[in-house]
Amino acid sequence: MHLSEVSKRYPAIESAITRIIEEDGIGELYEPQEKAIEAGLLDGENMTIAIPTASGKTLIAELAMLSKVQQGYKAIYLAPLRALASEKYEELKKKHGKLVNIGISTSDLDSSGSELDKFDIIIMTNEKMDSIMRHHPSWIGKIGIVVLDEVHLIDSANRGPTLEIVATKLMALKPQFLALSATIENSEEIAKWLNSKLVESSFRPVKLSKGVYFNNEISFSGKSDQKLEAGNSPSISLAIDIIKKEAQGLVFVSTRRSAEAESEKQSKEIVHLLNAKEKKELERIADRILNVLESPTKQCIRLSTIVRGGAAFHHAGLHNTQRKIIEDSFKSNLIKTICSTPTLAAGVNLPGKRVIIRDYKRYGTFGMEPIPVLEVHQMFGRAGRPKYDTEGEAVLIASSQDEFDELWEHYIEGRPEPISSKLGVAPVLRMHTLGLIAESPRSREKLVEFYNKTFYAFQYSDVSHLETILSEILDDLFEWSFIEDDADGNLRCTRLGLRVAQLYLDPLTAFEIIQMLSESKISVELMLTMLCNAAEMRPLGAIRRSEEDEIYSAMDSLEIEDGLERAFKQAYIFEKWMDEIHDDVLYDKYAMPPGVLRGKLNIMDWLLYASSEISRITSKDRHSHQVLTLRRRLKYGVKKELLPLVSVRGIGRVRARKIYTAGIKDKIGLKKAGVEKLSSLIGKKTAEKILTVLDKDDY
Ligand SMILES: Nc1ncnc2c1ncn2[C@@H]1O[C@H](COP(=O)(O)OP(=O)(O)OP(=O)(O)O)[C@@H](O)[C@H]1O
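Residues numbered from 1 in each chain as written. Predicted model: local features only at pLDDT ≥ 70, side-chain atom pairs only at ≥ 80, totals over all residues. Heavy atoms only, no water.

The protein chain is annotated in an unreviewed UniProt entry as ATP-dependent DNA helicase Hel308 of Candidatus Undinarchaeum marinum. Its UniProt record gives the protein chain the following Function (unreviewed entry) comment, quoted word for word: "DNA-dependent ATPase and 3'-5' DNA helicase that may be involved in repair of stalled replication forks." In its Subunit (unreviewed entry) section, the UniProt entry covering the protein chain states "Monomer." (UniProt positions renumbered as here; feature names shortened; annotations may be inferred.)

This is the structure in structure tokens:
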């Protein structure tokens, strides 16, 4: 079926379809897209689309959402990760931003969301949607369609429950449901739970050849084997081989550190394959990467050196801007291989001709464990760029004939595991139960009725386990004064409980914060340690042998009780950060990469914000000044004395220290010093910019 056929049947979206045909160059529909339309996608039918990666799910979502918007409804697009949400937002905004009003909301889990009413299509993370529903925005009733992206992630312990709860809540509003899933074993079950039609297909626009490399040869399933030159490590040989064919490779490894080491080796070999023009372009890109932070860290230097040779590593420890530069340079075929951990496969849409899975095991609960088939197939799915490659290759690496046979059976011929609900655990239920009561008072029976509609209940028909946990949770919520009985015998939130729910905190964390604020005196170290012990801060790094003496002696001197070691280590790192210790030292000494530190700092800032909100409600505000100072010191990574300087736009912690050391302590000092003195310290351009800002502030 040609797309123009669709606009004949559904004239309401004709203009959007015309644009897609003319600007996106889409004509004949892919098989699953046609199946979805024939199954009633644009007539409002609920649908679960379970097809391989990069097989055209987004177009299905676009057409369905545009159709609903034309009928006067709102369309909600829910993604499990912020990176995915912003990628879809950019894509849809570029395509349809002139026709419909598209908005995104993924951060600040305490905002009411009322400002989103002006948008026709709203892209959010599942967490954001869940937190917004606790604020009852008026536009909730106008939702006509909900698109659940990556719905197979309901299987993941940390992201699955929120996706499941949000879907269960939204089902009650009876919108059209469109669930987008990777190929999974039990897609029928998910489709039935969502009361939707299942559209399954193994179609891929780019043919995928899966294989295993062993003894300098790739054995493919479905095409002839291929010999490679010997001499390098398997992953390097596989990368060099594909680059010599004017294509690119994605190399998946198990840890961030091995991604860095592997890309360093790749870079040293690939550099000989680059032409002069590519080398020059890569120099420019490498310089941009080097100067993303105010002062380059060792990781910045290492990455920019690797990029000069046409390779790169990509993981959560990188600064967002650096990740974006790498993704864009890979898309423009300047960077030839990216070495990353599997998160990249689940995250942004970054295909490469050949996917090389160097490590198919990673560290788990019982030591090194094989990665689930579902995740490996996600990585496979990144092989082959639509429009550029006629086929993609996904290659695992074996080091023995036995391992070859095992990989072949498990990953090449094996089916992905069935997905299952991860809802049945106390911290998850505690958080969502308070959220449900915050949305509207309801009885215990009504709560059980709600949980009976979840995927958990659908899979394990016996929910008595859930009911047992639920009654313990309700006892805690009563004891913590977060809920009470109302006149009709329903459970409702107290003022404090409602605020805790809106702050999107684990109620246990909120209770611990209240305990902390009740202490008559509490040191900064203890406050940080208690907050680092919150569920929201996990996972916390282990204490390595090289750190033991330093960390344990610091704990003893501060009388921090046993059992809080990991929380204390995180607090200790925050202390070092506020003592203006450089990122490099934190990385080298405590294995804390800059990107991970920024992530932890954001969570700590949110916990401190929540503490100040809770102290206002419980009027336990004796520590509010300390909390505020801590928030500001953590935000900038400075000692207290620099706070007056870093509050001036354009002055970060490095410049502030330099200015302070020259005897300038605050805004008055800055103005007194004048442009001459300041230029000698921080350069003329910055000095002038800062003094202009100060004059404007005065004015
Ligand atoms: N019918 C079509 N004809 C030609 N190109 C198409 C068609 N449908 C989608 N595409 C293109 O194929 C590429 C992949 O599509 P899309 O991003 O929708 O896949 P996806 O399944 O959403 O991928 P992911 O699994 O990463 O979310 C896009 O560039 C898209 O423009």
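After presenting the structure, the write-up continues.
## Regarding the packing of aromatic side chains
A full pass over the atoms with the stated rule returns 11 aromatic pairs. Between Tyr30 and Phe203 the ring centres are 4.7 Å apart and the planes differ by 40°, which places this aromatic pair in the tilted class. Pair noted here: Tyr30 is in the loop between helix 2 (14–23) and helix 3 (31–38) and Phe203 is in the loop between strand 7 (197–200) and strand 8 (207–214), with a separation of 173 residues, a long-range link. Since its relative accessible area comes to 23%, Phe203 is described here as partly exposed. Their ring planes at 15° and their centres at 4.8 Å tell us that Trp480 and Phe511 sit as a pair that is stacked. Note that Trp480 is positioned in the loop between helix 20 (464–479) and strand 18 (483–485) and Phe511 in helix 22 (residues 507–518), a separation of 31 residues in sequence. Trp480 gets classed as buried once you look at its relative accessible area, which sits at 9%. Phe511 gets classed as partly exposed once you look at its relative accessible area, which sits at 23%. Joined through ring pairs, the aromatic side chains of Phe214, Phe404 and Trp408 make up one cluster. Of note, Lys665 hangs over the ring of Tyr660, and the distance from its end group to the ring centre comes to 4.0 Å. (Phe/Tyr/Trp six-rings, centres within 6.5 Å; stacked < 30°, edge-to-face > 60°. Helix = DSSP H or I, 4+ residues; strand = E, 2+ residues; numbered from the N terminus. Buried < 20%, exposed > 50% of the residue type's maximum accessible area, 1.4 Å probe, protein only. Lys NZ or Arg CZ within 6 Å of the ring centre and 35° of its normal.)

## Here's the deal with the nonpolar core
Of all hydrophobic cores here, the largest spans 73 residues; its most connected members are Tyr451, Phe482, Leu505, Phe574, Met604, Ile614 and Leu634. Of the residues forming this core, the biggest block, nine residues, is contributed by helix 27 (residues 594–618). Shared between two domains, this core takes at least three residues from each, and those domains are domain 3 (426–495) and domain 4 (507–637). Filtering out sequence-adjacent residues up to four positions away, Tyr451 remains in contact with Ile165, Leu423, Leu429, His432, Thr433, Leu436, Ala457, Leu466 and Leu470. Core analysis: the second largest hydrophobic core is formed by 59 residues, Phe220, Leu250, Leu282 and Ile338 among them. (Core = buried A, V, L, I, M, F, W, Y, C linked by side-chain atoms within 4.5 Å. Domains from an automatic or database assignment. Contact = heavy atoms within 4.5 Å.)

## Some points on the packing of helix 24 (residues 545–558) against helix 25 (residues 565–578)
At a closest axis distance of 10 Å, the pairing of helix 24 and helix 25 adopts a crossing angle of 95°. Considering the angle they form, helix 24 stands roughly perpendicular to helix 25. Facing helix 24, whose interface residues are Glu547, Glu550, Ile551, Tyr552, Ala554, Met555 and Leu558, helix 25 presents Glu565, Phe568, Lys569, Tyr572 and Lys576. Classifying every residue of the contact of helix 24 with helix 25 gives seven nonpolar, no polar and five charged. (Axes fitted to C-alpha atoms, helices over the stretch in contact; angles between N-to-C directions. Parallel < 35°, antiparallel > 145°, perpendicular 65-115°, else oblique. Nonpolar A, V, L, I, M, F, W, Y, C, P; charged D, E, K, R; others polar.)

## Description of the pattern of salt bridges
Evaluated as defined, the whole model comprises 50 salt bridges. With a closest N to O distance of 3.1 Å, Glu613 and Arg616 form a salt bridge. Of this pair, Glu613 and Arg616 both sit in helix 27, three residues apart, which is roughly one turn of the helix. Here the salt bridges share partners, and the residues they tie into one network are Arg19, Glu23, Asp24, Glu62, Lys88, Glu91 and Lys95. (Salt bridge = Lys/Arg side-chain N within 4 Å of Asp/Glu carboxyl O.)

## Some details on the domain arrangement of the protein chain
Interface size is commonly expressed as the accessible area that is lost once the parts come together. Annotation of the protein chain at the domain level lists domain 1 (3–200), domain 2 (216–412), domain 3 (426–495), domain 4 (507–637) and domain 5 (643–698). A separation of 30 Å is found between the C-alpha centroids of domain 1 and domain 2. Of the roughly 870 Å² buried where domain 1 meets domain 2, counting both sides, 57% is carbon and sulfur surface. The largest share of the area that domain 1 buries against domain 2 comes from Thr53, Ala54 and Glu87, three residues that together contribute 46% of it. At the junction of domain 1 and domain 2, the tally comes to zero salt bridges. Linking domain 1 with domain 2 are one residue pair in polar contact (both at pLDDT 80 or more). Classifying every residue of the side of domain 1 that touches domain 2 gives six nonpolar, three polar and three charged. (Buried area = accessible area lost by both parts, 1.4 Å probe. Polar contact = N/O pair within 3.5 Å; in protein donor to acceptor, adjacent residues only side chain to side chain.)

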